[in-house]
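# Per-entry structural report
The residues making up each chain are set out below.
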Amino acid sequence: MELKDKVAIVTGASQGIGRAISIALAKEGASVVLASRNEAKLEETAQIIKSNGGTSLKIRTDVSREAEVKNMVQKTLETFRTIDILVNNSGIAGPTARCEDVTLEEWEETMAVNLRGPFLCCKYVIPTLKAKKSGRIIHIGSISSKRPLQNRTPYTTSKMGLIGFNRTLAVELGPFNITVNLICPGATAGERLDNVMTTMGKALGKSYEEMAAAFKALSPLDRFVNAEDIANMVVYLASDKAKNITGQDINVCAGIIMY
Ligand SMILES: NC(=O)c1ccc[n+]([C@@H]2O[C@H](COP(=O)([O-])OP(=O)(O)OC[C@H]3O[C@@H](n4cnc5c(N)ncnc54)[C@H](O)[C@@H]3O)[C@@H](O)[C@H]2O)c1
């Protein structure tokens, strides 16, 4: 097991990519704190981990709220005494609309979850990592961290912002033996991608099937990635094998982008 006795926090652990990451970390021996807003779905993730013989703790958390993030870190420390790995996975798609039609509330909400959330989680986890002079911070960005996506200015802006946050933190935390990396998933099969394709299709006057074919065609492999592909990269970055990788933005996207 790569992560025996490690303690990991995963935000957005209730479904999709965050659930797959939590299950994968637990399989490698980490105790996993499952943080998200939806308690019923967090319980589903916790049950899967339990049935695999793993350990987890659910903490209902809205990552955009400082008091809730503070509480998440405090409860983690009360239960497990330490933190080794933080995975900032929570994210929302934000609106699909031309810039002039995006409301201020939609803009602010997207920034609050996708950027303020990772900031707050880092702010409250970093002191523990610094004190033990070791740790891993892994952000989940997107290929939209690097390339534009039509009618999605709030989302792409937030995900591109994560690159600046990631690189700056890597410089700041390197002297404390803490690595900081960003994974950029491509179109990842699942509920969220289905919703995105349906919404974007409506805005562009295209059917779901046309959107799915167009998304797949962006990949030289002509396919989507799976949540497990992202989870595998998280496990690798969290492991000792990746101790000399920091400040990187790593694509897991079936080749959609190559930079
Ligand atoms: N699915 C894709 O195709 C895709 C592609 C690229 C990047 N991503 C990124 O991967 C991450 C996970 O995506 P997913 O496909 O699993 O999405 P999802 O919508 O299935 O899951 C998102 C998770 O984030 C949580 N969340 C949302 N707002 C939150 C908040 N305020 N506080 C705490 N948790 C909150 C949700 O409860 C859920 O657990 C996101 O950051 C997303 O932007 C996804």
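Source: prediction; values computed, not measured.

### Focus: the domain arrangement of the chain
Assigned domains of the chain: these are domain 1 (7-186 + 226-250) and domain 2 (189-224). Computed from C-alpha atoms alone, the centre-to-centre distance between domain 1 and domain 2 is 25 Å. Here domain 1 packs against domain 2, burying approximately 800 Å² in sum over the two surfaces, 52% of which is carbon and sulfur. Broken down residue by residue, the surface that domain 1 buries against domain 2 is led by Thr96, Gln150 and Asn226, which jointly contribute 40%. The tally of links between domain 1 and domain 2 comes to zero salt bridges. Where domain 1 packs against domain 2, one counts one residue pair in polar contact (both at pLDDT 80 or more). Considering only residue class, the side of domain 1 that touches domain 2 consists of four nonpolar, five polar and three charged.

### Remarks on the layout of surface pockets
Here the idea is plain: a probe the size of a water molecule rolls over the atoms and shows the empty space left. As a volume, the second largest pocket reaches approximately 190 Å³. For the second largest pocket, the lining is made up of 13 residues, of which Lys6, Ser134, Gly135, Arg136 and Asp240 are closest to its centre. In terms of residue class, the lining of the second largest pocket is built from three nonpolar, four polar and six charged.

### Overview of the site of the ligand
Taken together, 25 residues sit near the ligand, with Ser14, Gln15, Ile17, Asn89 and Tyr155 positioned nearest. A distance of 2.7 Å separates an oxygen atom of the ligand from a polar side-chain atom of serine 14. Contact with the protein chains covers 92% of the free accessible surface of the ligand, which is 820 Å². Looking at the shell around the ligand residue by residue, the class counts come to eight nonpolar, 13 polar and four charged.

So, how was this worked out
Residues numbered from 1 in each chain as written. Predicted model: local features only at pLDDT ≥ 70, side-chain atom pairs only at ≥ 80, totals over all residues. Heavy atoms only, no water. Domains from an automatic or database assignment. Buried area = accessible area lost by both parts, 1.4 Å probe. Salt bridge = Lys/Arg side-chain N within 4 Å of Asp/Glu carboxyl O. Polar contact = N/O pair within 3.5 Å; in protein donor to acceptor, adjacent residues only side chain to side chain. Nonpolar A, V, L, I, M, F, W, Y, C, P; charged D, E, K, R; others polar. 1 Å grid on protein atoms, 1.4 Å probe; cavity = no way out; pocket = protein on both sides within 12 Å on 5 of 7 lines; lining within 4 Å. Points joined across faces, edges and corners; volume = space filled by probe spheres on them. Near = heavy atom within 4 Å. Areas by Shrake-Rupley, 256 points an atom, 1.4 Å probe, with all protein chains shown as cover.

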